[in-house]
Amino acid sequence: DARVTQTPRHKVTEMGQEVTMRCQPILGHNTVFWYRQTMMQGLELLAYFRNRAPLDDSGMPKDRFSAEMPDATLATLKIQPSEPRDSAVYFCASGSAAGERTDYGYTFGSGTRLTVV
Amino acid sequence: QKEVEQDPGPLSVPEGAIVSLNCTYSNSAFQYFMWYRQYSRKGPELLMYTYSSGNKEDGRFTAQVDKSSKYISLFIRDSQPSDSATYLCAMSRYSSASKIIFGSGTRLSIRP
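Here the structure is a predicted model, which means the values were calculated and not measured. (Residues numbered from 1 in each chain as written. Chains lettered and ligands numbered in written order. Predicted model: local features only at pLDDT ≥ 70, side-chain atom pairs only at ≥ 80, totals over all residues. Heavy atoms only, no water.)

Draft legend 1. Seen up close, the sheet that holds strand β3 (residues 19–24) of chain A. All names here are of chain A. With respect to topology, four strands assemble into an open sheet ordered β1-β3-β8-β7, the strand pairing being antiparallel. Each edge of the sheet is formed by a strand with only one pairing partner; in this case those strands are β1 (5–7) and β7 (65–71). Adjacent strand axes in the sheet meet at a mean angle of 20 degrees when their direction is disregarded. Across five bridges, β7 lies against strand β8 (residues 74–79) in antiparallel orientation. Paired with aspartate 71 across the strands is leucine 74, a residue of β8. (Pairing = 2+ DSSP bridges. Helix = DSSP H or I, 4+ residues; strand = E, 2+ residues; numbered from the N terminus. Axes fitted to C-alpha atoms, helices over the stretch in contact; angles between N-to-C directions.)

Put into structure tokens, the structure is as follows:
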């Protein structure tokens, strides 16, 4: 079963520390998304990449968040410095878009539950 | 105002009942409409997918889109306890592998 793998599953950190979350998209998927989910805001799109190039990161606080795809098998989301308001579940998802042919929907990972104290 | 509005519930119904879940949206450019199901402590998974207006049926699930009213629905027939989850509507302007906007989700509980 193809799946999106996210690490770590849980992270507790102190305010001000750097946090790095990693995502391994499904092999062959060329589009990767980062979402944040909270009770208050629901699922918010932070950024997404196609063929490793950033397409939209308008949902991401630029001063402290950064997203990269160093290669096709790894996407990272970093927060530096972290703040208590960053506490949320961060989801990575991947999908396939190739010209006129697209697969339907994304496949989500199980998420990284981040707590900043 | 959010682009996509969804009643958060919670909604509790007895096993076997018909469930109706709904979303409204404001952006008339949306063309692709989806329903995702999310179990506790899991990522959302795609349940149904519809392009433009109309109905789509898959087993016990039926998705309806009314673009003129900017209203989409998901119906679950013969609901089962295993259907207990949060259901999120989602929509996008272009293909499904483009930017998707999610509703806040409706928490559904099916009582045995």
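Draft legend 2. Focus on the interface of chain B and chain A. With 17 residues of chain B at the contact, the number on the chain A side is 26 residues. Both sides together, the interface formed by chain B and chain A hides about 1,700 Å², and carbon and sulfur atoms give 54% of it. The tally of links between chain B and chain A comes to one salt bridge. With a closest N to O distance of 3.3 Å, aspartate 56 of chain A and lysine 99 of chain B form a salt bridge. Counting across the chain B and chain A interface gives five residue pairs in polar contact (both at pLDDT 80 or more). Among the elements of the structure, β4 (32–38) and β5 (45–51) of chain B are those that each provide at least two residues to the side of chain B that touches chain A. Partitioned by chemical class, the residues of the side of chain B that touches chain A number eight nonpolar, five polar and four charged. (Contact = heavy atoms within 4.5 Å. Buried area = accessible area lost by both parts, 1.4 Å probe. Salt bridge = Lys/Arg side-chain N within 4 Å of Asp/Glu carboxyl O. Polar contact = N/O pair within 3.5 Å; in protein donor to acceptor, adjacent residues only side chain to side chain. Nonpolar A, V, L, I, M, F, W, Y, C, P; charged D, E, K, R; others polar.)

Draft legend 3. How the structure looks around the layout of surface pockets. Each pocket or cavity is described by its volume, and for the largest pocket that value is around 710 Å³. As for the largest pocket, its lining consists of 27 residues, and the residues nearest its centre are Gln37, Thr38 and Met39 of chain A together with Gln38 and Thr86 of chain B. When residues of the lining of the largest pocket are traced back to their parent elements, those giving at least two are β4 (31–38), β9 (88–95) and β13 (112–116) of chain A. When the residues that make up the lining of the largest pocket are grouped by side-chain class, the tally is nine nonpolar, 13 polar and five charged. (1 Å grid on protein atoms, 1.4 Å probe; cavity = no way out; pocket = protein on both sides within 12 Å on 5 of 7 lines; lining within 4 Å. Points joined across faces, edges and corners; volume = space filled by probe spheres on them.)

Draft legend 4. Representation of a positive patch on the surface in the model. Together, Arg3, Arg9 and Arg113 of chain A together with Arg41 and Lys42 of chain B line one region of the surface with positive charge. Residue position: arginine 3 of chain A is located in the segment before β1. Here arginine 3 of chain A falls in the exposed class, since its relative accessible area comes to 60%. (Patch = residues over 30% accessible without salt bridge, like charges linked within 9 Å, V, L, I, M, F, W, Y side chains within 5 Å. Areas by Shrake-Rupley, 256 points an atom, 1.4 Å probe, with all protein chains shown as cover. Lys, Arg positive; Asp, Glu negative; His and termini not counted. Charge placed at Lys NZ, Arg CZ, Asp CG, Glu CD. Buried < 20%, exposed > 50% of the residue type's maximum accessible area, 1.4 Å probe, protein only.)

Draft legend 5. Representation of the packing of aromatic side chains within the structure. Residue and element names in this part refer to chain A. All told, the structure shown has 14 aromatic pairs over all chains when counted by the stated rule. Here tyrosine 35 and phenylalanine 108 contribute two aromatic rings whose centre-to-centre distance is 5.8 Å and whose plane-to-plane angle is 45 degrees, an arrangement assigned as tilted. In this pair, tyrosine 35 sits in strand β4 while phenylalanine 108 sits in strand β12 (residues 107–108), placing the two residues 73 residues apart along the sequence. Across the pair, exposure class does not vary: tyrosine 35 and phenylalanine 108 are buried alike. Where phenylalanine 91 meets phenylalanine 108, the ring centres are 6.0 Å apart and the plane angle is 85 degrees; that geometry is what we call edge-to-face. Taken together, the residues phenylalanine 91 in strand β9 and phenylalanine 108 in strand β12 connect sequence positions 17 residues apart. (Phe/Tyr/Trp six-rings, centres within 6.5 Å; stacked < 30°, edge-to-face > 60°.)

Draft legend 6. Summary view of the confidence of the model for chain B. Per-residue pLDDT for chain B averages 92, and the proportion of residues at 70 or more is 97%. When pLDDT is averaged over each element of chain B, strand β3 (residues 19–25) of chain B comes out on top at 97 and β5 of chain B at the bottom at 88. (pLDDT = per-residue confidence, 0-100.)

Draft legend 7. Quick peek at the pattern of salt bridges. Going through the model one piece at a time under the given rule, you end up with nine salt bridges over all chains. Glutamate 44 of chain A is the salt-bridge partner of arginine 36 of chain A, the closest N and O atoms lying 3.4 Å from each other. Accessibility expressed as a relative area gives 12% for arginine 36 of chain A, which makes it buried. A salt bridge links arginine 77 of chain B to glutamate 57 of chain B; the shortest N-O distance between them is 3.4 Å. Here arginine 77 of chain B is found in the loop between β8 (71–76) and β9 (85–92), whereas its partner glutamate 57 of chain B is found in strand β6 (residues 54–58), with 20 residues between them in sequence.

Draft legend 8. Structural view of unusual backbone geometry. Geometrically, the link from glutamine 80 of chain A to proline 81 of chain A is a cis peptide bond, its omega value of -5 degrees lying close to zero. A cis amide bond links glycine 9 of chain B with the next residue in sequence, proline 10 of chain B, at an omega value of 10 degrees. A positive phi angle, close to 45 degrees, is found at aspartate 78 of chain B, a residue other than glycine. In this fold, aspartate 78 of chain B is placed in the loop between β8 and β9.

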